[in-house]
Amino acid sequence: MKSSLKHYGFCKIYLMIVAAVMFCGCFFSCSRNITVSSLTGTLDEVDRYIIQGQSEAALKLLVKTDKKSLPPVARLGIYRRYVKLGETARAEKLIKSCLKKNPNDKQLLAVYSSILLKKKNIKEALAVSRKLSGTEYGSLYAEALLRSRLENAGAVYSFDDFCSDDYVQVYLDAYSGSKDNRWLRNCAVINLIKGKTEQAFAVYPKTFQDSTDAYFWSLVTYDNKKFVDAAENLKTAITLLDREISDEYDLKRNIHIKRNLSLKIRALLADSYINLSEEKLAEKERNSLLEYITTLEDEALNSGDINIAGGISSDDVLSVIYLNSAVWALTRDDLKGAYNLLSFCVQHWPDFVPGLIAYGNYAYNSNQLKLDDPMTQELRKLGIRSMDMEAYDELPKIPVEDAVARMEDSLGRFKNFELYVAKLDLEDKIQNYSDKAYYGKIYNTIERNTLGTNLYPPEIARYAVHGLLMLDRKEEAESLFNSYISSRYQFDDQKNFYDELFMHIHEIQKWEVEYAAWFAAEAGKAKLSCQLYEFVVFNEYIKDSKKVREISPRASIPAMMNLSMIYSSTKQKSEALALYGKTANLSQNLRVKSEALYRVGILYNEMDKIEDAIKSLKYSVYLNPDHSRARLLLAKLKG
């Protein structure tokens, strides 16, 4: 019995303990639930006090409500009421308390960073906000970083200081917070400076904010060879520009800027049409521009202090317009029109390098036209002129000596290696040097323009390598080229040349990569040559989790032809066919188009696709009736 009572007593105590534990659990649970669930009601009451002007009551209730055990989201609600009440010290203390328990909470970091920025405590704001870079609150880190740079006493910064790759994410963060496209333009500029046009295009905005914005992104799309998009963007830029009202402050200057920007937009639109093979639309656009220019006052045309946004003067736009119209005239065999436009161009813009080069090419070509066969000579002695003779005599010619003299005059005022080399090329054509004399001239040119050991201006290096190849001195050309590249890009002499080349390939100019690829092909290194040509010809990127490969804006027609030939020789016939086809579509030169289609015909023939081969060869002969190999193969297949 005693034992039973003892057991009963033990059970009773045990049940009491269990009940107590359960009760305590319920109490604490209910207490916690009440605290969280009632917080909204408490804060509503605080808001009522604030609205009624009872600040002391509101503050007293807030202090009573604020508990460190509350989650950060709940305490942020209390923080906002402290700020409303002007209790900034309490608000900051609350955020610091929350961060101690939750040091990686993005919301808390963002709020505290904002507090520090308002207090102008930039150094600490920079440290706190660093974790926010690349997040939805990244604009706070961007602001802190930029302010830390700009407010650094005594520091002097240049344009380049803000154009490093490190700033791309900073500008993206700034855009995410402001939605101002100028930050995206900053990102694009960093990539454009490095020649990374596809990366610049990657930050393309959904909408344009003004005409300058639309024009900038037109340039990006144009450089990416997205000419349809470029043309549409330029039309949008024109529409936006027409709607924009000039600022009344310095009205005269702003009107000039608007006019010049309009010229610049329309000039690029004409170029976009050219690249879309819409030559008529391009010339129509240029003609309308030239007509518009004639209506402007002399003051509007000659205000030298007026620059277009971006620093390009109206003269630069006009010179390009005249040059492009001259090129258009040449493609239509309108030699008289081309002569008039080029003459106007070099007279009005005597230091416009592309214009001087085009003028020189016209001078050389116009003197290559000959009509001095025996019959013509006899007719001239008799004072008789045939229609062909009349047409020939009326063709405007430019003395090559005049073109050379104009180039020399410009070089006397401004040093430009592109123009210098163009002058050398023109002299080479008319002087008819012996191989020995030409060889001597190449090395004389190198010696006069040496910048250091095996180092020369790129234009001079290119001239020298090309000249040595023309003299069939391939090994010497390759040696000079490799030494120049190694010196210019500071290659490690202890490492393989091509290994170093790939290490620096994003710094190297397109023509340099093409020469490296050509030399690799000559050495029988087909795989290496293919890799180098592919770098120049293609852009590769990931879109929708898929690898996309497209023709790069860097791609030149010779590089595309050479890569196609490598594909063909390494039994990659489908790749060769595709690239030859794209080359034919992109080339403006009918002879190149014809050659590409001839090679397509050869490949189809090797694949026993005779009908396809015949179609390609027919088109090749149509484009260039003088293509004897295409004619011969076509006749063979037909027979």
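The model shown is predicted, which means the values in this text are computed figures rather than measured ones. (Residues numbered from 1 in each chain as written. Predicted model: local features only at pLDDT ≥ 70, side-chain atom pairs only at ≥ 80, totals over all residues. Heavy atoms only, no water.)

Our next topic: the overall build of the chain. When its secondary structure is counted, the chain shows 33 helices and 4 strands. Out of the 639 residues belonging to the chain, those deemed buried represent 42%. (Helix = DSSP H or I, 4+ residues; strand = E, 2+ residues; numbered from the N terminus. Buried < 20%, exposed > 50% of the residue type's maximum accessible area, 1.4 Å probe, protein only.)

What follows deals with the nonpolar core. Residues Ile78, Ile95, Trp217 and Ile265 are the most contacted members of the largest nonpolar core, which totals 70 residues. Excluding its chain neighbours within four sequence positions, the residues that come into contact with Ile78 are Leu39, Leu43, Leu62, Thr65, Asp66, Leu70 and Leu94. By size, the runner-up hydrophobic cluster in this structure holds 69 residues, among which are Ile442, Ile446, Leu471 and Met560. (Core = buried A, V, L, I, M, F, W, Y, C linked by side-chain atoms within 4.5 Å. Contact = heavy atoms within 4.5 Å.)

This part takes up a positive patch on the surface. Where like charges cluster on the molecular surface, the positive patch consists of Lys68, Lys93, Lys100 and Lys101. Along the chain, Lys68 falls in the loop between helix H2 (55–65) and helix H3 (72–84). (Patch = residues over 30% accessible without salt bridge, like charges linked within 9 Å, V, L, I, M, F, W, Y side chains within 5 Å. Areas by Shrake-Rupley, 256 points an atom, 1.4 Å probe, with all protein chains shown as cover. Salt bridge = Lys/Arg side-chain N within 4 Å of Asp/Glu carboxyl O. Lys, Arg positive; Asp, Glu negative; His and termini not counted. Charge placed at Lys NZ, Arg CZ, Asp CG, Glu CD.)

It is worth spelling out the packing of helix H17 (residues 335–348) against helix H18 (residues 353–366) at this point. The geometry of H17 relative to H18 is characterised by a closest axis approach of 9 Å and an angle of 140° between their N-to-C directions. Put simply, H17 runs oblique to H18. Seen along the crossing, H17 lies across H18 with a hand that is left-handed. Here H17 contributes Leu335, Ala338, Tyr339, Leu342, Ser343, Cys345 and Val346 to the contact with H18, which in turn contributes Gly355, Leu356, Ala358, Tyr359 and Tyr362. Looking at the contact of H17 with H18, its residues break down into 10 nonpolar, 2 polar and no charged. (Axes fitted to C-alpha atoms, helices over the stretch in contact; angles between N-to-C directions. Parallel < 35°, antiparallel > 145°, perpendicular 65-115°, else oblique. Left-handed = near helix turned anticlockwise from the far one by under 90°. Nonpolar A, V, L, I, M, F, W, Y, C, P; charged D, E, K, R; others polar.)

Along the chain, Trp349 turns up in the loop between H17 and H18. On the basis of relative accessible area, Trp349 is assigned to the buried category, the value being 11%. The sequence separation of Trp349 and Leu318 amounts to 31 residues, and the corresponding C-alpha distance is 9.3 Å.

So, about the pattern of salt bridges. Inspection of the entire model under this criterion finds 27 salt bridges. Among the salt bridges present, the one from Arg182 reaches Asp180, with a minimum N-O distance of 2.7 Å. The class for Asp180 is buried, based on a relative accessible area of 17%. Residues Asp626 and Arg591 are paired through a salt bridge, measuring 3.9 Å at the closest nitrogen-oxygen approach. Here Asp626 is found in the loop between helix H32 (610–623) and helix H33 (628–638), whereas its partner Arg591 is found in helix H31 (residues 590–606), with 35 residues between them in sequence. For the residue pair Asp626 and Arg591, the accessibility class agrees, reading exposed in each case. Several salt bridges share partner residues, and in doing so they unite Glu408, Lys423, Glu427, Asp428 and Lys441 into one network.

In this section: the packing of H3 against helix H5 (residues 106–118). Closest axis-to-axis distance for the H3/H5 pair is 11 Å, and the angle between their directions is 25°. Comparing their axes, H5 and H3 come out roughly parallel. Where H3 approaches H5, its residues Pro72, Leu76 and Tyr79 are matched on the opposing element by Gln107, Leu108, Val111 and Ile115.

On to the confidence of the model for the chain. Fine structural detail should not be taken from predicted coordinates in areas where pLDDT scores are low. Here the chain shows a mean pLDDT of 81. Residues at 70 or above account for 82%. Highest mean pLDDT in the chain belongs to helix H25 (residues 474–488) (96); lowest belongs to strand E1 (residues 307–308) (37). Scored below 50 in pLDDT, residues 1–36 shows 2 contacts in the model against residues more than four places distant or in partner chains. Confidence drops under pLDDT 50 across residues 301–313; counting only partners more than four residues distant or on other chains, this segment forms 23 contacts. (pLDDT = per-residue confidence, 0-100.)

Let's shift gears to the packing of aromatic side chains. In total, this model carries 21 aromatic pairs according to the counting rule given. Between Phe417 and Tyr420 the ring centres are 6.4 Å apart and the planes differ by 85°, which places this aromatic pair in the edge-to-face class. Of this pair, Phe417 and Tyr420 both sit in helix H22 (residues 417–431), separated by 3 residues, roughly a single helical turn. Of the residues examined, Tyr420 reaches a relative accessible area of 14% and is grouped as buried. (Phe/Tyr/Trp six-rings, centres within 6.5 Å; stacked < 30°, edge-to-face > 60°.)

With a phi angle near 60°, Lys225 is a residue other than glycine that sits in the positive phi range. For Lys225, the location among the structural elements is in the loop between helix H11 (211–223) and helix H12 (227–243). Although it is not a glycine, Asp608 sits at a positive phi angle of roughly 65°. Here Asp608 shows up in the loop between H31 and H32.

The pairing of strand E3 (residues 538–543) with strand E4 (residues 546–551) spans 6 bridges and is antiparallel. In the strand pairing of E4, Ile542 is matched with Lys547. Between E3 and the antiparallel strand that follows it, E4, lie 2 residues; Asp544 among them carries a positive phi value of about 55°. (Pairing = 2+ DSSP bridges.)

Another aspect to go through is H32. With 14 residues, H32 extends 20 Å between its outermost C-alpha atoms, agreeing within 8% with the 20 Å of an ideal straight helix rising 1.5 Å per residue. All of the buried residues in H32 are Ala613, Ile614, Ser616, Leu617, Ser620, Val621 and Leu623. Buried positions along H32 lie against H31 and H33. (Expected span 1.5 Å × (residues − 1).)

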